[in-house]
Amino acid sequence: LNKLLDRFTIRIQLSDTDVETVTRKVLLSKQPSALAPIAEMLAEHGGEVSRQLQGTKIGERQEDKRVIVQDYPLLPVRRRFWEHCFRQVDTAGTQSQLRSQLRIIHDCVARLSAQPLGRLIPGDDLYEALAPEMVTTGALPREINERILALGRDGASGGTGDGRLRQRICGLVFLIGQLPREGGADIGVRATKVHVADLLVQDLTADNGKLRADVARLLDALAAEGVLMQVGDEFRIQTEEGRNWHSDFQQREARLKNDTAFFEERREQLLAAEVQKVITEIEKKLRHGAAKVERKFHVHRSQEPPKVEGDAIPVWLRDGFSTSEKEILNAARGVGVNHPMLFVFIPGKSRDELLGLIATEQAAEQTIQAKGVPSTPEGQLARQSMKSRHDLAKLQRETLVAEIVGGTKVFQGGGNELLQLSLDEKIRAGADAALARLFPRFREADFSGSTWESTLRRARDGADRPFSLIQYDGPIEQHPVCRQTLTAIGPGKIGTQVRKELMGSPFGWPQDAVDTALIALHRSQHLTATLNGAPVPPGQLDQNKIPKAEFRVEKITLTIPERNALRALYQEVDVKARGEELDAKAADFLAALLRLASGAGGEAPAPVRPSVEDIEDMRRLIGNDRLAALRAVESDLRARIADWKRTGDLIGRRLPHWTVVEWLAAHAQGLAEASALRTQRDAVHESRLLLAEPDPVAPLRIGLADVLRQAIRTTHDEQAAAYRAAMEGFAGNATWQKLPAADQARILNAVGLRVPTEPSVGNDDALLTTLDSANLAARRMEAEAILARVAKALQAAAQLLEPQVQFLTLERSVLKSETDMDAWLSRQRAHLLDKLARGPVQIQ
């Protein structure tokens with residue numbers, strides 16, 4: 001037919017319908033007598049027919065029922081599959097549309113002609129028919145075709161007899177791999193175990209369940225051998241890049257299988273993790289007693305048996321790969337029937353299978369990490385295949401681990417085996433029994449959480465019978481929880497330690513129960529609590545403060561009269577306290593005592609401060625120990641308070657006068673008249689005579705003040721005399737008299753020559769103010785400075801009258817003879833003549 005195409009001017013491409021018509025009327029034509037048996041057979045096995053490529057775009061259709069008898073032994077589904085495959089391997093369409101299909105169907109029908117009714121044309125026949133032509137056209141790489149052909153030989157199949165089926169599977173996988181995946185062209189057929197098995201079914205009347213199982217098994221085997229590569233649920237023909245990945249994987253897998261240490265460690269981790277999953281789920285709902293206390297497990301995997309510590313249920317996890325069941329059973333019997341530990345033994349089975357799966361999973365993971373992310377499509381496909389291999393091995397490993405752990409045995413202390421059906425049930429039952437053994441005193445505090453919350457509030461609020469809600473009305477300190485709390489505290493513990501001890505074995509009490517006992521005992525003053533070094537007052541302890549608070553048991557109690565006496569003692573220093581506040585206010589009282597003692601002495605000349613070592617010692621005590629110490633020295637403290645108050649008051653009155661004496665003595669330094677008074681002042685200071693009787697301070701103040709007043713008046717008189725002499729000198733100075741009065745006043749003001757002011761010394765305050773403004777030395781210098789100011793004034797007057805005037809200071813020398821005098825006069829005369837040559841001269 002192909003030769004005839006060149007005779008026609010217009011080429012007409014044959015459609016699928018044309019091909020179907022020819023095949024049905026020529027090759028698949030049937031005798032009328034055969035139609036009924038065929039129809040009956042197809043109806044009987046309609047389930048297998050409908051199953052073919054179900055869910056794909058070429059799956060069974062309604063119109064197939066009209067032509068299925070005519071198409072037999074080629075099912076309509078497979079005919080459509082062939083048509084799509086033809087298009088991919090022969091894009092020109094000249095050979096595939098009719099000639100090739102006619103030839104292929106003819107050959108297939110010829111092979112089935114002698115077979116019983118029910119035989120079908122399998123989907124892989126298309127590959128065998130087209131393989132040589134595809135190799136020629138390049139659609140099928142020769143290397144891949146040769147690998148597929150080699151599978152059909154017994155040697156390549158390893159003598160299993162599966163060679164032919166392996167070959168058919170790979171041919172079909174290649175064909176499916178050629179189908180388009182883009183958008184609307186994708187018909188949904190994939191080289192999965194289901195689709196491959198669908199297309200390989202060739203006998204509707206046979207047990208095709210075995211065929212499907214064999215196909216699934218061989219697909220996995222081919223992927224493991226590297227002939228195929230698995231990508232998710234789909235299989236592909238192995239590429240050269242994929243073979244490189246597979247080779248790397250095999251090398252890593254072999255090394256891992258020989259690495260015993262790695263396997264032992266990984267196996268132990270996986271088994272323990274699987275058991276831990278079960279334990280974790282149990283922990284989420286594990287609640288103990290009416291109090292519903294959350295409990296945990298503490299899983300140990302060491303070779304040595306663990307110690308029972310804290311409030312967790314001990315679990316010793318061992319496996320049959322590293323120990324024997326007999327050893328675990330002997331260990332369980334050895335600890336005794338009251339021991340809370342659970343002995344969990346995982347049987348050591350399926351070692352080789354587990355080794356293989358662990359090695360496969362890890363080798364695939366290492367290969368993926370080593371190869372990285374490829375950039376080529378072949379590399380990306382190889383990576384996807386390796387990822388699928390990893391995921392499958394991981395799933396199988398997880399399933400096997402779960403199966404191994406499912407056979408785990410659980411023993412109690414004493415050797416009793418728990419025989420529940422599942423590991424979950426065994427551990428739950430073991431946990432209930434272990435809690436009873438771990439916390440034998442739990443029932444003493446086993447009340448609901450809301451009951452303990454209410455009891456805690458009553459204790460914090462100071463109720464008379466805080467434990468009445470838990471059916472106890474006796475003394476607080478005699479309740480079992482409180483009594484054990486006092487024992488646990490012993491010589492002293494912080495709240496965290498108390499909680500840890502009472503919430504652990506053998507008690508296991510709820511935290512609210514322990515906190516309630518601490519708060520109630522503290523409120524009733526059977527306990528003292530300090531936080532950051534400061535005592536916590538009764539009624540001020542709450543759950544937030546408990547962890548860091550330090551508790552001590554009170555061994556001393558005070559009677560009501562003793563407490564009243566202490567309240568009265570506190571009031572002596574203005575510290576007010578109610579009966580329950582005595583301990584809290586003790587620190588304030590002792591601080592007030594120390595302040596009072598500090599005011600009863602001081603630096604010289606005050607007396608030395610009284611010793612307060614005993615008070616400092618009492619400050620370091622807490623609780624009733626401190627109150628008892630105060631009560632023991634109550635009368636002594638009252639006397640000391642009165643004495644310190646009197647001494648402090650007297651110091652307060654005399655110390656200001658002493659301060660004035662010190663001030664006056666400092667100003668009188670250097671005055672001969674004050675020498676005796678300063679000696680007395682030194683004696684008072686050195687001997688600390690501030691409080692001596694009679695008062696030594698008042699006479700010193702009066703004497704020093706009188707001496708200083710007289711000294712100030714004397715210096716004032718000297719200043720006044722110097723000022724008068726200066727004014728008289730101005731009156732006799734011709735130059736000065738030539739100046740107008742205004743210029744004279746201005747010059748006198750400029751040089752600071754003024755009438756001396758009468759000093760104010762009427763009382764001690766005025767005297768000190770006068771001395772602070774200008775002491776005696778400054779006043780003496782003021783009198784001496786008047787002569788210098790007169791010279792400056794005359795100089796200014798001369799310059800005002802004679803702007804060119806020169807001022808000359810004569811040489812000051814010591815003259816011992818007439819010769820010295822003549823020489824001096826000669827020098828001065830020469831100096832004067834030199835100055836006069838330049839202008840007027842005024843001798844200074």
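Just so it is clear, the structure is predicted and the values come from calculations on it, not from any experiment.

**Student:** Can you break down the overall build of the protein residue by residue, with the values?
**Tutor:** Within the protein, the regular secondary structure consists of 34 helices and 15 strands. Taking 28 Å as the expected radius of gyration for a compact globule of 844 residues, we find that the protein reaches 60 Å, considerably beyond that expectation. Sequence-distant contacts in the protein: of pairs separated by 6 or more residues, those separated by 24 or more amount to 68%. Counting only carbon and sulfur atoms, one obtains 51% of the accessible surface of the protein, whose full area is about 43600 Å². Computed over 114 positive and 115 negative side-chain charges, the inter-centroid distance for the protein is 2 Å.

**Student:** Hey, could you go over the sheet that holds strand β6 (residues 313–319) for me, with residue numbers and the actual values?
**Tutor:** One key point about sheets: their strands pair by backbone hydrogen bonds, in either a parallel or an antiparallel sense. Here we have 5 strands laid out as an open sheet, ordered β5-β6-β7-β8-β9, and mixed in their pairing. The sheet is open, and its two borders are formed by β5 (297–300) and β9 (417–418), each paired with just one other strand. As paired strands, strand β8 (residues 409–412) and β9 are joined by 2 bridges and run antiparallel to one another. Counterpart to V410 in the pairing with β9 is L418.

**Student:** Could you give an account of the packing of aromatic side chains, naming the residues involved and the relevant values?
**Tutor:** Within the structure shown, the criterion is met by 6 aromatic pairs. When the centroid spacing of 6.1 Å and the interplanar angle of 75° are considered together, the rings of F447 and W452 count as edge-to-face. The exposure class assigned to W452 is buried, which follows from its relative accessible area of 1%. Lying across the ring of F263, R267 places its NZ or CZ 5.8 Å from the centre.

**Student:** Explain the pairing of strand β2 (residues 234–237) residue by residue, including any values.
**Tutor:** Sheet topology places strand β1 (residues 228–231) next to β2; 4 bridges connect them, and they run antiparallel. Of the residues in β2, the one forming a bridge with Q230 is F235. Linking β1 to β2, which pair antiparallel, is a turn of 2 residues; within it G232 sits at a positive phi near 70°.

**Student:** Explain helix α32 (residues 764–773) to me, and be specific about the residues and the numbers.
**Tutor:** Along α32, the residues classified as buried are D764, A766, L767, L768, T770 and L771. In this fold, the buried residues of α32 make contact with α27 (634–667), α29 (697–731) and α33 (776–801).

**Student:** Provide a residue-level description of the sheet that holds strand β10 (residues 493–494), including the pertinent values.
**Tutor:** Taken in spatial order, the 4 strands of this open sheet run β10-β13-β11-β12, and their pairing is antiparallel. Each edge of the open sheet carries a strand with a single partner, namely β10 and β12 (534–535). With 2 bridges joining them, strand β11 (residues 527–531) and β12 adopt antiparallel strand pairing. Directly across from L531, in β12, lies its bridge partner A534.

**Student:** Got a sec to walk through the pattern of salt bridges? Specific residues and values, please.
**Tutor:** Here the structure, examined in full by the defined rule, presents 53 salt bridges. With its nearest N and O atoms 3.0 Å apart, the salt bridge here joins K284 to E281. Taken as a pair, K284 and E281 lie in helix α14 (residues 260–285) at a separation of 3 residues, close to a single helical turn. Since its relative accessible area comes to 53%, K284 is described here as exposed.

**Student:** How would you summarise the nonpolar core if you had to cite specific residues and measurements?
**Tutor:** Counting 52 residues, the largest nonpolar core has F81, W82, I169, I176 and V196 as its most contacted members. At the level of secondary structure, the elements contributing two or more residues to this core comprise α5 (76–89), α6 (96–112), α7 (125–137), α8 (142–151), α10 (163–178), α11 (193–200), α12 (208–225) and β2. Not counting chain neighbours up to four residues away, the residues in contact with I176 comprise F81, V189, R190, A191, V196 and L199.

**Student:** Provide a residue-level description of the pairing of strand β13 (residues 550–553), including the pertinent values.
**Tutor:** With 2 bridges connecting them, β10 and β13 associate as antiparallel partners. Bridged to I494 within β13 is E550. Alignment of β11 against β13, held across 4 bridges, turns out to be antiparallel. When the bridges of β13 are listed, A529 appears paired with F551.

**Student:** An account of empty space enclosed by the protein is needed here, citing residue identities and associated values.
**Tutor:** Tallied over the entire structure, the rule returns 5 cavities of 30 Å³ or more. Residue lining of the largest cavity: H522, Q525, L527, T528, A529, V536, P538, E554, D583, G623 and N624, and that is the complete set. Elements with a minimum of two residues in the lining of the largest cavity: β11 and α26 (623–632). Element by element, the count of residues in the lining of the largest cavity is highest for β11, at 3 residues. Considered class by class, the residues forming the lining of the largest cavity number 4 nonpolar, 5 polar and 2 charged. Looking at the second largest cavity, its volume works out to about 60 Å³. What lines the second largest cavity is a set of 11 residues, among which T23, L74, R79, Q101 and I105 lie closest to the centre. Within the residue set of the lining of the second largest cavity, elements represented by two or more residues are α1 (16–27), α5 and α6. Considering only residue class, the lining of the second largest cavity consists of 5 nonpolar, 2 polar and 4 charged.

**Student:** Quick rundown of the environment of A459? Include the residues and the values.
**Tutor:** Along the chain, A459 turns up in helix α19 (residues 449–461). The class of A459 is buried, set by a relative accessible area of 3%. Along the primary structure A459 and G118 are separated by 341 residues, whereas in three dimensions their C-alpha atoms are 90 Å apart.

**Student:** Would you mind going over the packing of α5 against α7 in detail, with residue names and values included?
**Tutor:** Contact geometry of α5 with α7 gives a least axis separation of 12 Å together with a crossing angle of 10°. The angle between α5 and α7 falls in the class roughly parallel. In contact with W82, C85, F86 and V89 of α5, α7 contributes D125, L126, L130 and M134. For the contact of α5 with α7, the per-class residue count stands at 7 nonpolar, no polar and 1 charged.

**Student:** I'd like a description of a negative patch on the surface, backed by residues and values.
**Tutor:** The grouping of D717, E718, E758 and E784 at the surface amounts to a negative patch. Its location among the elements puts E718 in helix α29.

**Student:** Describe in detail the state of the cysteines, supporting the description with residues and values.
**Tutor:** Going through the model one piece at a time under the given rule, you end up with 0 disulfides. Just so you know, C108 is unpaired, no disulfide at all, and the nearest cysteine sulfur is the one on C85, 13 Å from it. Looking at C108, the relative accessible area reads 2%, which means it is buried.

**Student:** Got a sec to walk through the packing of α27 against α29? Specific residues and values, please.
**Tutor:** Relative orientation of the contacting elements α27 and α29 amounts to 35°, with a least axis distance of 9 Å. Regarding α27 and α29, the two cross each other, and that crossing is left-handed. For the pair α27 and α29, contact is made by H657, W658, V660, V661, L664, A665 and H667 and by V697, L700, R701, L704, A705 and L708, respectively. Here the contact of α27 with α29 is composed, by residue class, of 10 nonpolar, 2 polar and 1 charged.

Conventions used here
Residues numbered from 1 in each chain as written. Predicted model: local features only at pLDDT ≥ 70, side-chain atom pairs only at ≥ 80, totals over all residues. Heavy atoms only, no water. Helix = DSSP H or I, 4+ residues; strand = E, 2+ residues; numbered from the N terminus. Rg over C-alpha atoms; globule rule 2.2 N^0.38 Å. Contact = heavy atoms within 4.5 Å. Areas by Shrake-Rupley, 256 points an atom, 1.4 Å probe, with all protein chains shown as cover. Lys, Arg positive; Asp, Glu negative; His and termini not counted. Charge placed at Lys NZ, Arg CZ, Asp CG, Glu CD. Pairing = 2+ DSSP bridges. Phe/Tyr/Trp six-rings, centres within 6.5 Å; stacked < 30°, edge-to-face > 60°. Buried < 20%, exposed > 50% of the residue type's maximum accessible area, 1.4 Å probe, protein only. Lys NZ or Arg CZ within 6 Å of the ring centre and 35° of its normal. Salt bridge = Lys/Arg side-chain N within 4 Å of Asp/Glu carboxyl O. Core = buried A, V, L, I, M, F, W, Y, C linked by side-chain atoms within 4.5 Å. 1 Å grid on protein atoms, 1.4 Å probe; cavity = no way out; pocket = protein on both sides within 12 Å on 5 of 7 lines; lining within 4 Å. Points joined across faces, edges and corners; volume = space filled by probe spheres on them. Nonpolar A, V, L, I, M, F, W, Y, C, P; charged D, E, K, R; others polar. Axes fitted to C-alpha atoms, helices over the stretch in contact; angles between N-to-C directions. Parallel < 35°, antiparallel > 145°, perpendicular 65-115°, else oblique. Patch = residues over 30% accessible without salt bridge, like charges linked within 9 Å, V, L, I, M, F, W, Y side chains within 5 Å. Disulfide = S-S within 2.5 Å. Left-handed = near helix turned anticlockwise from the far one by under 90°.

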